[in-house]
Amino acid sequence: VGDLYMDVVKFVWNPNWEAEQAKIFEEKYNPRLKNLNAYAAGKKHILGDNLNLVDFALFQTLYLLQKIDSKALDAYPNLQTLYNNFSEIPQIKAYRATDKFKNRSVYVPTAPFKFPSA
């Protein structure tokens, strides 16, 4: 999860992100997502039935990936399930419905890649 997140950070700060997006997905994101997807099979959360700190990191990473490419998780149903399970936690769901969440910057505004709004 940490390696995938760092790949996202490097992408966001890459001044040539547009030219390199397909290559980065193919070489970096997709192999990591494939491995995580296989690991997540049949699990409610990434480490099993109980929510763990890693789930927060994974959710944020998957959230950012979907902001980069709305179809980023289409080939990874187990990760989509984990993402949805986390999204449905009552406290998370309530927070994501607030103006504070909707009006915040998704990432550092000075990064070359500009995320669409929440």
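Residues numbered from 1 in each chain as written. Predicted model: local features only at pLDDT ≥ 70, side-chain atom pairs only at ≥ 80, totals over all residues. Heavy atoms only, no water.

A. Inspection of the overall build of the chain at higher detail. The helix and strand inventory of the chain stands at six helices and zero strands. Taken over C-alpha atoms, the radius of gyration comes to 14 Å for the chain, in line with the 13 Å a tight globule of 118 residues would show. Projected onto its principal axes, the C-alpha coordinates of the chain cover approximately 40 × 35 × 20 Å. For the chain, buried positions account for 39% of its 118 residues. Counted over contacts in the chain with a minimum sequence separation of 6, partners at least 24 positions apart contribute 66%. Here the chain contributes 15 positively and 12 negatively charged side chains, and the mean placements of these two sets differ by 4 Å. (Helix = DSSP H or I, 4+ residues; strand = E, 2+ residues; numbered from the N terminus. Rg over C-alpha atoms; globule rule 2.2 N^0.38 Å. Buried < 20%, exposed > 50% of the residue type's maximum accessible area, 1.4 Å probe, protein only. Contact = heavy atoms within 4.5 Å. Lys, Arg positive; Asp, Glu negative; His and termini not counted. Charge placed at Lys NZ, Arg CZ, Asp CG, Glu CD.)

B. Structural context of the packing of helix α1 (residues 2-12) against helix α3 (residues 53-68). Orientation of α1 relative to α3, taken along the N-to-C sense of each, is 40 degrees, at an axis distance of 10 Å. Every pair of crossing elements has a handedness; the one defined by α1 and α3 is left-handed. In this structure, α1 uses L4, Y5, V8 and F11 to contact α3, whose residues at the interface are T61, L64, L65 and I68. Its residues placed into classes, the contact of α1 with α3 shows seven nonpolar, one polar and no charged. (Axes fitted to C-alpha atoms, helices over the stretch in contact; angles between N-to-C directions. Left-handed = near helix turned anticlockwise from the far one by under 90°. Nonpolar A, V, L, I, M, F, W, Y, C, P; charged D, E, K, R; others polar.)

C. View of the side chain of N14. For N14, the location among the structural elements is in the loop between α1 and α2 (17-39). Within the structure, N14 has its side chain in polar contact with the backbone nitrogen of N16 (distance 2.7 Å). Those residues within four positions of N14 in sequence are excluded, and the remaining contacts are E20, I24 and P112. (Polar contact = N/O pair within 3.5 Å; in protein donor to acceptor, adjacent residues only side chain to side chain.)

D. Structural detail: the environment of L65. Along the chain, the position of L65 falls in helix α3. Exposure remark for L65: the relative accessible area of 0% places this residue in the buried category. Note: C-alpha distance between L65 and Y29 (36 residues apart in sequence) is 8.8 Å. Dropping the residues within four chain positions of it, L65 is found in contact with L4, V8, F25, Y29, L33 and A72.

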